[in-house]
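Breakdown of the fold
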Amino acid sequence: MADVNHLDWPFLEERHRDLARSLDAWAAQHVPQVHGKDVDAQCRALVKSLGAGGWLRHAVGGGHGAAAAIDTRAICLIRETLARHSGLADFVFAMQGLGSGAISLQGTSAQRAHYLPRVARGEAIAAFALSEPDAGSDVAAMQCAARIEDGHAILDGEKTWISNGGIADFYVVFARTGEAPGARGISAFIVDAGTPGLEIAERIEVIAPHPLARLRFTGCRVPLSQRIGEPGEGFKVAMRTLDVFRTSVAAAALGFARRAFDEALQRATTRRMFNQALADFQLTQAKLAQMATTIDSAALLVYRAAWQRDQGRNVTREAAMAKLSATEGAQQVIDAAVQIFGGLGVVSGQPVEMLYRDIRALRIYEGASEVQQLIIARELLRDTKGATP
Ligand SMILES: Cc1cc2nc3c(=O)[nH]c(=O)nc-3n(C[C@H](O)[C@H](O)[C@H](O)COP(=O)(O)OP(=O)(O)OC[C@H]3O[C@@H](n4cnc5c(N)ncnc54)[C@H](O)[C@@H]3O)c2cc1C
């Protein structure tokens, strides 16, 4: 929205307001809204530029330290702002955080010292390899396995939908180590790109282009010093990482929705038809009113969840509400913007057309909307059961 007066909300502090305003000014100069042909090169350039600008250090927390140092409100404001400028810039920032999040949260001091400063400076590209062809929403069904031998983990299996796959310098990989059945028998490992036995089996093209790949591990040996957290604790590591970044997916959706609204408002007030502006019709006004209300509701849920997490409180329910509401709402807002643009709205390269493609995957990854609904319901029912005499 033209006036970002949500920055005055009490969830945020002065440093957050300064951060959002200075990033907005920086992005206007340094971040083009493009989906170009060579997406790998664009991502590499964006990583460097966001690193040099000092923005990526927020993705790994102040001083490259532990999770407590990750400022959720800062991450959300950065994603919201970048998403208003460019889906690809938001993607790059988010993946540096998600890909290194497990190391920030539970890495050894040696792992943190080796990886995090380079991620923060934009000198190393990170990736998070959890999903498999037969283990997406049901991630505990994963089959990629790691057997332990001579101080090494030997990985065999596949991962798919891995963002930054093909350009990452390292992958945080979750594999079954068998300490217990299901979710309790999984461990996390850092696998450097170029490790023998790790190959990019397939590059996957998606509607909002970004580097994405299926990875294959064949007898891929990594020293046990590359394990993150305790053996068998990998699922918890993955969930803790997602817990930090889930609210930020909602913030990115919010940024997309705000950009779509700005574009729609501009178009509706300048497009003449039937001797008046499109915005003079009540049907258009109803659309704009609904869009603005959807955006504000999502923003309230996003910054409530981010603020609550920064207070050190559990946000499972609040983060799920924020993600569900912001991603589903943004899809509606962007669709309405395309409608307001008429034929122009579906022309390749138009901002609203790009936003229409940018938003779609956010309703699927890091827990599809249905998964968020189940999480919210589970939390509600647990609270209700707890209250029953
Ligand atoms: C662009 C993109 C980038 C991604 N990046 C990464 C990445 O970097 N790293 C990574 O590990 N993974 C990544 N993923 C994978 C993503 O997390 C999975 O796609 C997601 O978890 C869904 O898994 P799936 O695709 O196998 O769908 P499925 O698990 O087959 O689910 C299909 C659909 O079923 C529905 N559904 C799911 N659960 C339920 C339920 N309990 N009840 C009713 N309906 C349900 C939902 O509508 C869901 O969309 C990415 C995906 C995309 C599209």
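Predicted model, so just to flag it, every value in this text is computed and none were measured. (Residues numbered from 1 in each chain as written. Predicted model: local features only at pLDDT ≥ 70, side-chain atom pairs only at ≥ 80, totals over all residues. Heavy atoms only, no water.)

1. Comments concerning the site of the ligand
Put simply, the rule reads: Any residue with a heavy atom positioned within 4 Å of a molecule or strand is treated as near that molecule or strand. Any pair of nitrogen or oxygen atoms within 3.5 Å is treated as a polar contact; in protein, a donor-acceptor pairing is required on top of that, and neighbouring residues in sequence qualify only through side-chain atoms on both sides. Think of a 1 Å grid over just the protein atoms. A cavity is a set of points where a 1.4 Å probe fits yet cannot get out, a pocket is an open set with protein on both sides within 12 Å along at least five of seven lines, and lining residues have an atom within 4 Å of a point. Placement in a cavity or pocket follows one criterion, namely that more than half of the molecule's atoms lie within 2 Å of its grid points. Secondary structure counts use DSSP, requiring at least four H or I residues in a row for a helix and at least two E residues in a row for a strand, with both numbered from the N terminus.
Around the ligand lies a shell of 18 residues, among which Phe128, Ser131, Ser137, Trp161 and Glu370 are the nearest. Between the ligand and Leu130, the relevant distance is 2.9 Å, taken from an oxygen atom to a main-chain nitrogen or oxygen of the residue. The separation between an oxygen atom of the ligand and a polar side-chain atom of Glu370 is 2.8 Å. Among the detected pockets, the ligand sits in the largest pocket. Every element with two or more residues in the shell around the ligand is listed here: strand 3 (152-163) and helix 10 (369-387).

2. Topic: the nonpolar core
This is how the line gets drawn: By nonpolar core is meant a set of buried Ala, Val, Leu, Ile, Met, Phe, Trp, Tyr and Cys residues that side-chain atoms within 4.5 Å join together. Note on exposure labels: buried denotes an accessible area under 20% of the residue type's maximum, exposed denotes more than 50%, and partly exposed covers the range between, all computed with a 1.4 Å probe on protein chains only.
Leu155, Phe170, Phe174 and Phe217 are the most contacted members of the largest nonpolar core, which totals 73 residues. If one sorts the elements of this core by residue count, helix 4 (residues 87-106) sits on top with ten residues. Counting 45 residues, the second largest nonpolar core, distinct from the first, contains Leu12, Ala20, Phe256 and Ala264.

3. Brief notes about the pairing of strand 5 (residues 186-192)
Counted only if it meets this: A strand pair is defined by DSSP finding two or more bridges across the two strands.
Burial within strand 5 is extensive, with six of its seven residues counted as buried. Bridging between strand 4 (residues 170-176) and strand 5 involves seven bridges; their strand directions are antiparallel. In the strand pairing of strand 5, Val172 is matched with Ile190. By the bridge criterion, two bridges tie strand 5 to strand 8 (residues 227-228) in an arrangement that is antiparallel. If you follow Ala188 over to strand 8, its bridge partner there is Ile228.

4. Some thoughts on the environment of Val222
How we decide: Working rule for contacts: check all heavy atoms of both residues, and any pair within 4.5 Å makes them a contact.
Inspection of the secondary structure puts Val222 in strand 7 (residues 212-223). Taking the relative accessible area as the measure of exposure, Val222 reaches 3% and is therefore buried. Remark: the alpha-carbon pair of Val222 and Ile154, spanning 68 residues in sequence, is separated by 6.5 Å. Leave out the neighbours within four places in its chain, and Val222 touches His152, Ala153, Leu155, Phe189, Ile190, Val191 and Thr195.

5. A closer look at the pairing of strand 3
Examined bridge by bridge, strand 2 (residues 145-149) and strand 3 share five bridges and lie antiparallel to one another. Following the sheet pairing, Glu149 is matched in strand 3 by His152. Once strand 2 ends, the chain turns through two residues before running back antiparallel as strand 3, passing Asp150 with a positive phi of about 50 degrees. Bridge analysis of strand 3 against strand 7 gives nine bridges, and the strand direction is antiparallel. Counterpart to Lys159 in the pairing with strand 7 is Leu215.

6. Some details on the confidence of the model for the chain
The condition is simple: As a per-residue quantity, pLDDT reports the predictor's confidence and falls between 0 and 100.
Looking at the chain as a whole, the pLDDT averages 94, with 95% of positions reaching at least 70. Contacts of residues 63-68 to residues separated by more than four positions or lying in other chains number 14 contacts, the stretch itself having pLDDT below 50.

7. Details of the layout of surface pockets
This is how the line gets drawn: Grid points are joined across faces, edges and corners, and a volume is the space filled by probe spheres set on the points. The residue classification treats Ala, Val, Leu, Ile, Met, Phe, Trp, Tyr, Cys and Pro as nonpolar and Asp, Glu, Lys and Arg as charged. All others, Gly included, are polar.
Reported here for the largest pocket is a volume of approximately 1,400 Å³. Along the wall of the largest pocket there are 50 residues; nearest its centre are Ser131, Ile364, Tyr365, Glu366 and Gly367. Secondary structure elements with two or more residues in the lining of the largest pocket: helix 4, strand 3, helix 6 (234-270), helix 9 (351-360) and helix 10. Partitioning the lining of the largest pocket into residue classes produces 30 nonpolar, ten polar and ten charged. Looking at the second largest pocket, its volume works out to about 160 Å³. What lines the second largest pocket is a set of ten residues, and nearest its centre among them are Arg240, Asp243, Val244, Arg309 and Arg313. Ranked by residue count, the leading element in the lining of the second largest pocket is helix 6, at three residues.

8. Looking at empty space enclosed by the protein
The full count for this structure, using the stated rule, is one cavity of 30 Å³ or more. Residue lining of the largest cavity: Ala253, Leu254, Ala257, Thr294, Ile295, Ala298, Ala326, Gly329, Ala330 and Val333, and that is the complete set. Among the elements of the structure, helix 6, helix 7 (282-310) and helix 8 (316-341) are those that each provide at least two residues to the lining of the largest cavity. Looking at the lining of the largest cavity element by element, the count peaks at four residues for helix 8.

9. Observations concerning the packing of aromatic side chains
Let me state the cut-off plainly: Stacked, edge-to-face and tilted are the three classes for Phe, Tyr and Trp ring pairs, Trp counted by its six-membered ring, which pair at centre distances within 6.5 Å; planes under 30 degrees apart are stacked, over 60 edge-to-face, the rest tilted.
As enumerated under the stated definition, the model contains five aromatic pairs in all. Here the aromatic rings of Phe11 and Trp307 are separated by 5.9 Å at their centres, their planes lie at 50 degrees, and the arrangement is tilted. Separated by 296 residues along the polypeptide, Phe11 in the segment before helix 1 (14-30) and Trp307 in helix 7 bring together distant segments of the chain. An angle of 65 degrees between the planes, with centres 5.2 Å apart, marks the rings of Phe128 and Phe174 as edge-to-face. With a gap of 46 residues between them, Phe128 in strand 1 (residues 126-129) and Phe174 in strand 4 connect regions that are remote in the sequence. You'll find Phe128 and Phe174 in the same group, each marked buried.

10. Here we look at the side chain of Thr81
If you trace the backbone, Thr81 turns up in helix 3 (residues 72-85). Side-chain polar atoms of Thr81 contact the backbone oxygen of Leu77, separated by 2.6 Å. With residues up to four places along the chain from it excluded, the contact list for Thr81 reads Ala20, Leu23 and Asp24.

11. A look at the environment of Ala52
Checked against the element boundaries, Ala52 lands in helix 2 (residues 39-52). Measuring from C-alpha to C-alpha, the distance between Ala52 and Gly122 comes to 7.0 Å, with 70 residues separating the pair along the chain.

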